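Tertiary structure, described
Each chain is listed here by its residues.
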Amino acid sequence: MLGLAAGLLAAAAVALLLDWYGPPGAPPAPGQRRRWAPQPAPGAAAASLLWVVQVSDIHISKFRDPKRAPDFEKFCSETIDVIQPALVLATGDLTDAKTRDKLGSEQIEDEWKIYQSILKRSRVIEKTKWIDIKGNHGKKKMKHFRLSWEYRSQNIENQMAELSLMATESLHSNHTIWFGHYPTSTIISPSPGIRTLMRYRILAFDHDLLSFADINFEEWPVVLITNPKSFLYSSSTHEPLVKILYSTHIRILAFSPSVIISVKVYIDGVHLGNAHHVSGPLYVLKWSPQNYSEGFHHIDVTVQARVLFGLIVLIQITLLVVFRHIQKPALKEKPGLLTLTSYSLHVFSKTNTFYYSVLVLNLYTILGPWFVGELIDGQMGACFSFGVFVGGSFFQGSMTFVVGILQMLFFNLPLMAYLCWCLLLRCQGHSFRSHICHVRRCVAVLVHLAMALLLAWQIYSCYFLQRTYGTLAFFLSPMRTWLVALTAALIYKTWTLKSSELRTYIIEIKNSQSS
């Protein structure tokens, strides 16, 4: 009972300390309200804006729920890549620390190794500042309630001194956020965490106005309105709410792994307009806050995003199929650039080796596994453009679609264009050696150099894959390692293809050039 009483007294003391603490400057006298300057107020510029992410209760476990580790890795490698916060707070219970029978608690080294390996493999620490703290599951061998309270009561004096020092040092900051493992009275929604609710929190400071939203993991697009902020979470004592009345623009943070095509704003059900993009995730729309200064009002934001990946694949496949089946037009006079481009697509699509190779490549890009390997420690899996299979479970992709778009735009499409260009040179009677001399040398060098750089990027991707997921993933990677081999084979084939297979095209081009 003494341990319990000491713990309750400690909690009361901390609450009093936090209640006394106020933002910049000395705390206001009782009954007085801090005076805030109305300027600078939120406007159209991307200034005085900061956002961070909080996640808690990750509970990486060796014995339960194998989805936790891959979910956490997706959060680090995909969600954080899209949101790009200035800071990530991982506020406790990083590992489960539960025995196999669920009756005891102990620190399990393998769980901490998984946590550290995910941070290293995702490189999240290189992308943002990462601050993590231990929760009640992070204390060593606290198997009983009594031991937990005794642990806290023995350290309460040191903890109170540390809190007092932090409060004093931060008195002159614009804002200070107190965070720990257990939510305080200011957190009214369920605790953000990957373990059960699959949620995380985005917090933003916009001209010293604090806004936050709790987001379901892998739910896109993500929207946070920073001005005007929600009345439900407003505090005139701790933030300059007067700036909302002097603001000139509604300000919205919109995040999506796909391209955002529109951000529509509604107030009280009336369409106010479409917000325009400023930079990063910030969208703004001019407004008159005086029109909404009385009573309560409801603001809605609708974000529409477009997935380009399927569209790009469909366009390339359509080009191949259409040019294969439509009749090739006759060349009656010296052809121009557009005619030669169309002609090269006819040659490419009507040559079985290239047609079927690129057709299968594009279909495989969207449907097949990109690589198979040990995606997390001890768990084999397969990565697709639309998600990941690992440990018998499927995880829908978000950033995988973005990687797919990059693959199509910066390799598959350029590869087809390069092969068409090489085949056109062959139809004009050139070999690999002769085209260097007879074709404009500057153009030829630039085209070959561009393709060489793209191929080098593909080779580097193979190296990165091996370093990240191991040797097995390197060899079982159709969209990386195998594609490098296929590309080399197709390029070699364009210059070694028998002239008899191109005889019809060669004669037709010669006749058109001589006419």
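Residues numbered from 1 in each chain as written. Predicted model: local features only at pLDDT ≥ 70, side-chain atom pairs only at ≥ 80, totals over all residues. Heavy atoms only, no water.

1. Examining the overall build of the protein
Under the convention used in this document: By the criteria applied, helices consist of DSSP H or I runs no shorter than four residues and strands consist of E runs no shorter than two, each listed in order from the N terminus. The classification of residues rests on relative accessible area computed with a 1.4 Å probe and restricted to protein chains. Under 20% of the type maximum is buried, over 50% is exposed, and intermediate values are partly exposed. We call two residues in contact when some of their heavy atoms are within 4.5 Å. Here the accessible surface of atoms and residues is derived via Shrake-Rupley with a 1.4 Å probe, and residues count as covered only by protein chains that are part of the display.
Along the protein, the regular secondary structure elements total 16 helices and 16 strands. Counting every position in the protein, which comprises 515 residues, the buried fraction comes to 45%. A separation of at least 24 residues holds for 72% of the contacts in the protein among residues at least 6 apart in sequence. Working note: accessible area of the protein is about 27,100 Å², and carbon and sulfur atoms make up 61% of it.

2. With respect to the packing of aromatic side chains
Our working definition: Note on aromatic pairs: the rings of Phe, Tyr and Trp (six-membered ring only in Trp) are paired at centre separations within 6.5 Å, and the planes decide the class, stacked below 30 degrees, edge-to-face beyond 60, tilted for the rest. Two thresholds decide whether a charge sits over a ring: the Lys NZ or Arg CZ must be within 6 Å of the ring centre and within 35 degrees of the ring normal.
Summed over the entire model, instances satisfying the criterion amount to 18 aromatic pairs. Ring centres 6.4 Å apart and planes at 55° place the aromatic pair Phe-75 and Phe-217 in the tilted group. One end of the pair, Phe-75, is in helix α2 (residues 68-83); the other, Phe-217, is in the loop between β5 (209-216) and β6 (222-227), and 142 residues separate them in sequence. Assigned by exposure class, Phe-75 and Phe-217 land together as buried. Each ring, one from Phe-371 and one from Tyr-469, has its centre 5.2 Å from the other, and the planes form 35°; the classification is tilted. Placement of the pair is Phe-371 in strand β13 (residues 371-376) and Tyr-469 in helix α13 (residues 441-469), with a sequence separation of 98 residues. Looking at Arg-324, its charged tip hangs above the ring of Tyr-355, at a distance of 4.2 Å from the centre.

3. Describing empty space enclosed by the protein
Space left empty within the atom packing is revealed by a probe, the size of a water molecule, rolled over the atoms. As a reminder of what qualifies: Using a 1 Å grid laid over the protein atoms alone, points where a 1.4 Å probe fits but cannot get out form a cavity; open sets with protein on both sides within 12 Å along at least 5 of 7 lines form a pocket; any residue with an atom within 4 Å of a point counts as lining. Grid points are joined across faces, edges and corners, and a volume is the space filled by probe spheres set on the points. Basically, the charged four are Asp, Glu, Lys and Arg, the nonpolar ten are Ala, Val, Leu, Ile, Met, Phe, Trp, Tyr, Cys and Pro, and anything else, Gly included, counts as polar.
Following the criterion strictly, the structure yields one cavity of 30 Å³ or more and no others. Approximately 30 Å³ is the volume found for the largest cavity. For the lining of the largest cavity, the class distribution of residues is five nonpolar, three polar and one charged.

4. Thoughts on the environment of Asn-362
Looking at where Asn-362 falls in the secondary structure, it is placed in helix α10 (residues 352-367). Taking the C-alpha atoms as reference points, Asn-362 and Asn-412, 50 residues apart in sequence, are found 7.5 Å from one another. Each residue touching Asn-362, except ones within four places of it in the same chain, is listed here: Val-313, Gln-316, Ile-317, Leu-320, Met-408 and Asn-412.

5. Describing the sheet that holds strand β3 (residues 129-133)
Spelled out, the test is: Between any two strands, pairing holds if DSSP finds at least two bridges. Axes here refer to lines fitted to C-alpha atoms; in helices the fit is confined to the stretch in contact. Angles between the N-to-C directions go from 0 to 180 degrees.
Strand order in the open sheet made by the five strands is β3-β2-β1-β4-β5, with mixed pairing throughout. Two strands in the sheet have a free side with no partner beyond their single neighbour: β3 and β5. Along the sheet, successive strands turn relative to each other by an average axial angle of 20°, direction set aside. Pairing between strand β4 (residues 199-206) and β5: eight bridges, direction antiparallel. Note on β5: the bridge partner recorded for Leu-203 is Phe-212. With respect to the sheet, α2 is in contact with β1 (49-55), β2 (87-91), β3 and β4, its orientation differing from that of β1 by roughly 170°.

6. A look at helix α16 (residues 503-514)
Keep this limit in mind: One less than the residue count of a helix, multiplied by 1.5 Å, gives the span that helix is expected to have. Here the arc refers to the directions that run from the helix axis out to each C-beta atom.
Over its twelve residues, α16 extends 17 Å from the first C-alpha to the last, a length consistent with the 16 Å expected when each residue adds 1.5 Å. All of the buried residues in α16 are Tyr-505, Ile-506, Glu-508, Ile-509 and Ser-512. The buried side chains of α16 occupy one side of the element, clustering within an arc of 165° when seen end-on. Opposite its buried face, α16 presents the exposed residues Thr-504 and Ser-514, each directed more than 90 degrees away.

7. Some details on a nonpolar patch on the surface
Quick note on the threshold: Residues qualify for a patch when their relative accessible area is over 30% and they have no salt bridge, like charges being joined within 9 Å and the nonpolar side chains of Val, Leu, Ile, Met, Phe, Trp and Tyr within 5 Å. Put simply, a salt bridge is a Lys or Arg side-chain nitrogen that is within 4 Å of an Asp or Glu carboxyl oxygen.
A grouping of Met-380, Leu-472, Phe-475, Leu-476 and Trp-482 is seen on the molecular surface, where their side chains present a nonpolar patch of about 510 Å² in accessible area. Position of Leu-476 among the secondary structure elements: in the loop between α14 (471-475) and α15 (481-496).

8. Quick look at unusual backbone geometry
Trans peptide bonds make up most of the peptide bonds, and negative phi angles are found at most residues other than glycine. Of note, the amide linkage connecting Gln-39 to Pro-40 takes the cis form, showing an omega dihedral of 0°. Along the chain, Pro-40 falls in the loop between α1 (2-20) and β1. Omega for the bond connecting Trp-220 with Pro-221 falls within 30 degrees of zero, at -5°, which places this linkage in the cis form. Within the secondary structure, Pro-221 sits in the loop between β5 and β6. Of note in this structure, Ser-48 is not a glycine but carries a positive phi near 55°. Following the sequence through the fold, Ser-48 ends up in the loop between α1 and β1.

9. Topic: the nonpolar core
Test applied: Throughout, nonpolar core names a set of buried Ala, Val, Leu, Ile, Met, Phe, Trp, Tyr and Cys residues whose side chains join them through atoms within 4.5 Å.
Ranked by internal contacts, the top residues of the largest apolar core, which has 87 residues, are Phe-72, Phe-75, Tyr-115, Trp-130, Tyr-200, Ile-202 and Phe-348. Beyond its immediate sequence surroundings of up to four residues, Ile-202 is in contact with Val-52, Val-53, Ile-83, Ser-211, Phe-212, Ala-213, Ile-215, Val-222, Leu-224 and Phe-255. Ranked by size, the runner-up nonpolar core spans 16 residues in total, among them Ile-225, Ile-244, Ile-260 and Leu-285.

10. Focus: the pairing of β6
Most of β6 is tucked away: five of the six residues are buried. Bridge analysis of β6 against strand β7 (residues 249-255) gives five bridges, and the strand direction is antiparallel. Paired with Leu-224 across the bridge in β7 is Leu-253.

11. Comments concerning helix α9 (residues 337-349)
Taking 1.5 Å per residue as the helical rise, α9 with its 13 residues ought to reach 18 Å, and the 18 Å between its terminal C-alpha atoms agrees with that figure. Along α9, the residues that are buried comprise Leu-340, Tyr-343, Ser-344, Leu-345, His-346, Val-347, Phe-348 and Ser-349.

12. Regarding the confidence of the model for the protein
Put simply, the test is: You can read pLDDT as the predictor saying how much it trusts each residue, on a scale of 0 to 100.
Mean pLDDT over the protein: 82, with 84% of residues reaching 70 or higher. Here residues 1-27 is a poorly scored stretch, pLDDT under 50, and it has 36 contacts once near neighbours within four places are set aside; other chains count.

13. Some points on the packing of helix α8 (residues 309-325) against α10
Packed helices, taken two at a time, are described by their axes: the angle between them and the distance between them. What counts here: Oblique is the label for any angle not under 35 degrees, not over 145, and not in the 65 to 115 range, which are roughly parallel, roughly antiparallel and roughly perpendicular in turn. Here a crossing is called left-handed whenever its near helix is offset anticlockwise from the far helix by less than a right angle, and right-handed whenever the offset is clockwise.
Packing of α8 against α10 brings their axes to within 10 Å, and their N-to-C directions diverge by 160°. In terms of orientation, α8 and α10 fall into the roughly antiparallel class. At the point where α8 passes α10, the crossing takes the left-handed sense. Here α8 contributes Phe-309, Gly-310, Val-313, Gln-316, Ile-317, Leu-320, Val-321, Arg-324 and His-325 to the contact with α10, which in turn contributes Asn-352, Tyr-355, Tyr-356, Val-358, Leu-359, Asn-362, Leu-363, Thr-365 and Ile-366. The residue makeup of the contact of α8 with α10, split by class, is eleven nonpolar, six polar and one charged.

14. A few points about the pattern of salt bridges
Counted by the stated rule, this structure contains eleven salt bridges. Across the pair Lys-127 and Asp-81 runs a salt bridge whose closest N-O atoms are separated by 2.9 Å. Separated by 46 residues along the polypeptide, Lys-127 in helix α4 (residues 124-127) and Asp-81 in helix α2 bring together distant segments of the chain. Note that Glu-109 is salt-bridged to Lys-113, the shortest N-O span being 3.6 Å. Of this pair, Glu-109 and Lys-113 both sit in helix α3 (residues 109-122), four residues apart, roughly one helical turn. Overall, the relative accessible area of 47% leaves Lys-113 in the partly exposed class. If you follow the salt bridges from partner to partner, you end up with Arg-64, Arg-68 and Asp-96 in one network.

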